[in-house]
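Here is what each chain is made of, one letter per residue.
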Amino acid sequence: MVNLLQKISFILNDRLVSTSVPAGMLVLDFLRKEERLTGTKEGCKEGDCGACSVIFGELNEDGTVGYTPMTACLMPMGELEGKHVVTIEGLNMEKLSPVQNAMVDCGGSQCGYCTPGFVVSMTAGLMEPRVPLDKEGVLYAISGNLCRCTGYRSIIEAGVQAVDSLASRLNGPDRIKELCEAEALPSYFMTIPERLAELKPAVSDGSKIDTDPIYLGGGTDLYVQRGDEIPELPVDLLKKGEAPAPVYTEDGMLVLDARMSFEDFAMDRLVQESIPQVKDYNLLIASWPVRTRATLAGNICNASPIADMTCLLLALETELTISNAGRLRTLPLKDFFLGYKRLNKKPEEQVVRISFPVCKPQESVNWEKVSKRTWLDIATVNSAARIEVGEGVFLSAGFALGGVAATPLYLTEASSYLSGKTFEPSTVLEMIDVALEEFQPISDVRGSADYKRLLARQLLIAHFEKLFKDELKMEEIYAAL
C-alpha cells in the first residue's frame, strides 16, 4: 500500500504543530477531527458558506506575515508547511475583541452556526490593508459567508461598528501591531514572523509514490467533485513551495504564472493597466476566500463552458505555455478546448504560463455576465470583448461567449468581421448578426437555447453600450432590435 503520509510543521493559533497526514487531507477535517477545534464549522464543504473560515498566514520576503481568509474545506494540509493558521479559537482573549463585542451588541448571532466564520472573516478584513475601513470593506470581508437565519443587517451593522471603533487606530504600515495594541488581536501575533522564520521544514521520509498524482491547484473544483477521494490519493500540490512568479511584460505580452490566484490577478498593477475594471469583474465571480484559492490555470483546465475568467482571457487572445517534463509548447487558448471537458493536453502536461497582448491605448476591454444572483453565482451566459478603435474605424476585436456551447467559445468570425469596418451603429448590428450565426445555443438547467441566444445578443450589445456610449448612437442599435 502506498504511504500517503507527509510530515508537516506549522503554527496553529499560538502553538507549533508537527504531524504526519495525507497531503490532500482537508484542513477542515484535521482541525475538527484531530485537533478538536470545533469552532471551525462544517457547512457546505464546497467553499460556498464560509462556516469553516480560517485565516492563513505566509511569511513575506520583507519578514512580515501576510494574512488572508481561507475556506478550510478547500485547503489541503500539505500547503500548511511553514505557515500560520488561525481559527476562531485563536482569536479569543480575556475580553471580547471589538469584532466579537460588536456581534453581541448588534445581535449578529441567532443560531450561531455561522458566527465563527463571520468573526474570522471580519477580523481578516481588518488585517488586510487593501480592504477599506468602511461598510464596503465589511461587505468585501464577509463576501464568502452565509447566514441561515437572519437578513444580514445586524451582522453588517456589527462589522461597521467594529470598523468604526478601530479605524482611527489603524493608520500605520503595520496593521497587525496596531490591531494587537487595540486588543483586536491576541498579542501572540507579534511573535509569528520570527517563529515562522525559525521554523524548519519537516524532513521527508524519502519515500516516493509510483502512481501518477492528481495535480491540485486551488482545489475549488476538484474538492467539490472528488472531496472524499483526494485524501486517499497521491497529490502534487501546485501552490506549495515557491510562490507564483510576479507578472511581467515580454515582447508586448503580459506574462502570468498559471498558478496565480483570481485575487492576485485582479490586484496586479500591470493587469489593471490592461483591464481597468478587473477588480469590479472579480467581485462578481467569487467570494474573497475563494478568489484567494482559485487559480487561472484551474479555471481554464476545468473546461467549464461558463468559466468566467476563461471567457475574459479568450477575448484577450490569450496563449498558454504547456509543460511536459520540462518540454514547453505554446497554444492559443481558443484551440485548447476540443469538446465538452476535453482538452488539447495530455494528462501529464501542465499549463505553466498564461500570456496575452498588453492592451494598447486605443483598445478597450469589457466583461458581462448574467446569473440568477448578481453576486458570486454561476453564469447563465457570460461574454467578454476586446475592441480597438482608431480614426473612425474598428481596427481589431476579440469576442468570447460562455454558456452557449459545450466549451467556452471564441467568436472567430464576429471578431474578424469588425476589422477595418466603419465605426458606426450599422457595423455593430452586422457584427451581431454574424456572431449569432456562429453558434447553436444549448439548453440546460439554467435556460433554454432561445433564452441563451437572446442573452448572448444582449451581452454583445452591452459591450458597445459600456465602452462607446458617448461615441456610438446606441439608440439606432436599440431601434433596430
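What you see is a predicted model, and the numbers here were worked out from it, not measured in a lab.

Engineer: Please give an account of the overall build of the protein that cites residues and values.
Structural biologist: Tallying secondary structure elements over the protein gives 18 helices and 18 strands in all. In terms of overall size, the protein behaves like a compact globule, its C-alpha atoms giving a radius of gyration of 24 Å where 481 residues would be expected to give roughly 23 Å. With respect to the principal axes defined by its C-alpha atoms, the protein has extents near 70 × 55 × 40 Å. Counting over 481 residues, the protein shows a buried share of 53%. For the protein, the share of sequence-separated contacts (at least 6 apart) that also reach a separation of at least 24 residues comes to 63%. Total accessible area on the protein is roughly 21700 Å²; 50% of this is exposed by carbon and sulfur atoms.

Engineer: Before we move on, could you go through empty space enclosed by the protein and cite the residues and values that matter?
Structural biologist: In the structure shown here, the tally under the stated rule is 2 cavities of 30 Å³ or more. The computed volume of the largest cavity comes to approximately 80 Å³. Counted by class, the lining of the largest cavity contains 10 nonpolar, 3 polar and no charged residues. The calculated volume of the second largest cavity comes to roughly 30 Å³. Lining the second largest cavity are Gln-110, Cys-111, Gly-112, Tyr-113, Cys-114, Cys-147, Arg-148 and Cys-149. Of the residues that constitute the lining of the second largest cavity, the class distribution is 5 nonpolar, 2 polar and 1 charged.

Engineer: Describe in detail helix H2 (residues 98-105), supporting the description with residues and values.
Structural biologist: Residues three or four positions apart in an α-helix share a direction because the helix packs 3.6 residues into each turn. Those residues of H2 that sit buried are Pro-98, Val-99, Gln-100, Ala-102 and Met-103. If you follow the buried residues of H2, they end up packed against helix H3 (115-127) and helix H5 (153-166). Immediately beyond the C-terminal end of H2, within one or two residues, lies Gly-107, with a positive phi of roughly 65 degrees.

Engineer: Which residues make up the sheet that holds strand S2 (residues 15-22), and what values go with them?
Structural biologist: Backbone-to-backbone hydrogen bonds join strands into a sheet, with any given pair of strands oriented parallel or antiparallel. Here we have 5 strands laid out as an open sheet, ordered S2-S1-S5-S3-S4, and mixed in their pairing. Strands with a single pairing partner mark the edges of an open sheet, and in this sheet they are S2 and strand S4 (65-71). Between one strand axis and the next, the sheet turns through 35 degrees on average, direction left out of account. Direction of pairing for strand S1 (residues 5-12) relative to strand S5 (residues 84-86): parallel, over a ladder of 2 bridges. From the neighbouring strand, Ile-11 faces S5, where its bridge partner is His-84. Most of the contacts of helix H1 (residues 27-34) go to S2, to which it runs at about 110 degrees, and overall it touches S1, S2 and strand S3 (53-59). In the packing of H3 onto the sheet, the strands contacted are S3 and S4, and the crossing angle to S3 comes to about 30 degrees.

Engineer: Just give me the short version of unusual backbone geometry, but keep the residues and values in it.
Structural biologist: Leaving glycine aside, a negative phi is the common case for residues, and trans is the common case for peptide bonds. Positive phi is not limited to glycine here, since Arg-36 has a value of about 60 degrees. For Glu-391, which is not glycine, the phi torsion reads 55 degrees and is therefore positive. Relative to the helices and strands, Glu-391 resides in the loop between strand S16 (379-390) and strand S17 (393-402).

Engineer: Break down the pairing of S2 for me, with residues and values.
Structural biologist: Strand residues, when the strand is regular, have side chains that alternate between the two faces of the sheet. With 8 bridges connecting them, S1 and S2 associate as antiparallel partners. Paired with Leu-12 across the strands is Arg-15, a residue of S2. Hairpin remark: S1 followed by S2, antiparallel, with 2 residues in the connecting loop; positive phi at Asn-13, about 55 degrees.

Engineer: An account of the packing of aromatic side chains is requested, with residue identities and associated values reported.
Structural biologist: For the structure on display, the rule yields 12 aromatic pairs. Over the aromatic face of Tyr-113 sits the side chain of Lys-41, whose NZ or CZ is 5.9 Å from the ring centroid. One Lys or Arg, Lys-421, reaches over the ring of Tyr-417 and ends 4.2 Å from the middle of that ring.

Engineer: Tell me about the sheet that holds strand S14 (residues 350-357), and please be specific about residues and values.
Structural biologist: Read across the sheet, 5 strands follow the order S8-S9-S14-S10-S11 without closing on themselves; strand pairing throughout is antiparallel. Two strands in the sheet have a free side with no partner beyond their single neighbour: strand S8 (248-250) and strand S11 (327-332). Neighbour to neighbour, the strand axes of the sheet diverge by 30 degrees on average, direction disregarded. Across 5 bridges, strand S9 (residues 253-257) lies against S14 in antiparallel orientation. Residue pairing across strands places Met-253 opposite Pro-357, the latter belonging to S14.

Engineer: Lay out the side chain of Asp-268 with the relevant residues and their values.
Structural biologist: By the secondary structure assignment, Asp-268 is in the loop between helix H9 (262-267) and helix H10 (269-274). The contact partners of Asp-268, leaving out residues within four places of it in the chain, are Val-247 and Met-260.

Engineer: Explain the side chain of Glu-128 to me, using residue names and the numbers behind them.
Structural biologist: Examined against the element boundaries, Glu-128 turns out to sit in the loop between H3 and helix H4 (135-141). For Glu-128, a relative accessible area of 13% gives the class buried. If we skip the residues at most four places from it in the chain, Glu-128 touches Tyr-67, Arg-175 and Trp-288.

Engineer: For the layout of surface pockets, give the residues involved together with the corresponding values.
Structural biologist: Put simply, the second largest pocket is a space of about 1800 Å³. Forming the boundary of the second largest pocket are 50 residues, of which Glu-58, Leu-59, Asn-60, Gly-66 and Ala-243 lie nearest the centre. The dominant element in the lining of the second largest pocket, judged by the number of residues it contributes, is S4, at 5 residues. For the lining of the second largest pocket, the per-class residue count stands at 24 nonpolar, 8 polar and 18 charged.

Engineer: Go over the state of the cysteines with me, naming the residues and quoting the values.
Structural biologist: In this structure the tally under the stated criterion is 0 disulfides. Cys-52 carries a free sulfur, and the closest cysteine sulfur to it, the one in Cys-73, is 3.7 Å from it. With a relative accessible area of 4%, Cys-52 lands in the buried category. The thiol of Cys-111 is unpaired, and the distance to the nearest cysteine sulfur, on Cys-149, comes to 3.6 Å. For Cys-111, a relative accessible area of 54% puts it in the exposed group.

Engineer: Which residues make up helix H11 (residues 278-285), and what values do they have?
Structural biologist: Those residues of H11 that sit buried are Val-278, Tyr-281, Asn-282 and Ile-285. Seen along its axis, H11 keeps its buried residues to an arc of 100 degrees; they face one direction. In this structure, the buried residues of H11 make contact with H9, H10, helix H12 (288-293), helix H14 (308-315) and strand S15 (363-371).

Rules behind the numbers
- Residues numbered from 1 in each chain as written.
- Predicted model: local features only at pLDDT ≥ 70, side-chain atom pairs only at ≥ 80, totals over all residues.
- Heavy atoms only, no water.
- Helix = DSSP H or I, 4+ residues; strand = E, 2+ residues; numbered from the N terminus.
- Rg over C-alpha atoms; globule rule 2.2 N^0.38 Å.
- Buried < 20%, exposed > 50% of the residue type's maximum accessible area, 1.4 Å probe, protein only.
- Contact = heavy atoms within 4.5 Å.
- Areas by Shrake-Rupley, 256 points an atom, 1.4 Å probe, with all protein chains shown as cover.
- 1 Å grid on protein atoms, 1.4 Å probe; cavity = no way out; pocket = protein on both sides within 12 Å on 5 of 7 lines; lining within 4 Å.
- Points joined across faces, edges and corners; volume = space filled by probe spheres on them.
- Nonpolar A, V, L, I, M, F, W, Y, C, P; charged D, E, K, R; others polar.
- Pairing = 2+ DSSP bridges.
- Axes fitted to C-alpha atoms, helices over the stretch in contact; angles between N-to-C directions.
- Phe/Tyr/Trp six-rings, centres within 6.5 Å; stacked < 30°, edge-to-face > 60°.
- Lys NZ or Arg CZ within 6 Å of the ring centre and 35° of its normal.
- Disulfide = S-S within 2.5 Å.
- Arc of directions from axis to C-beta.

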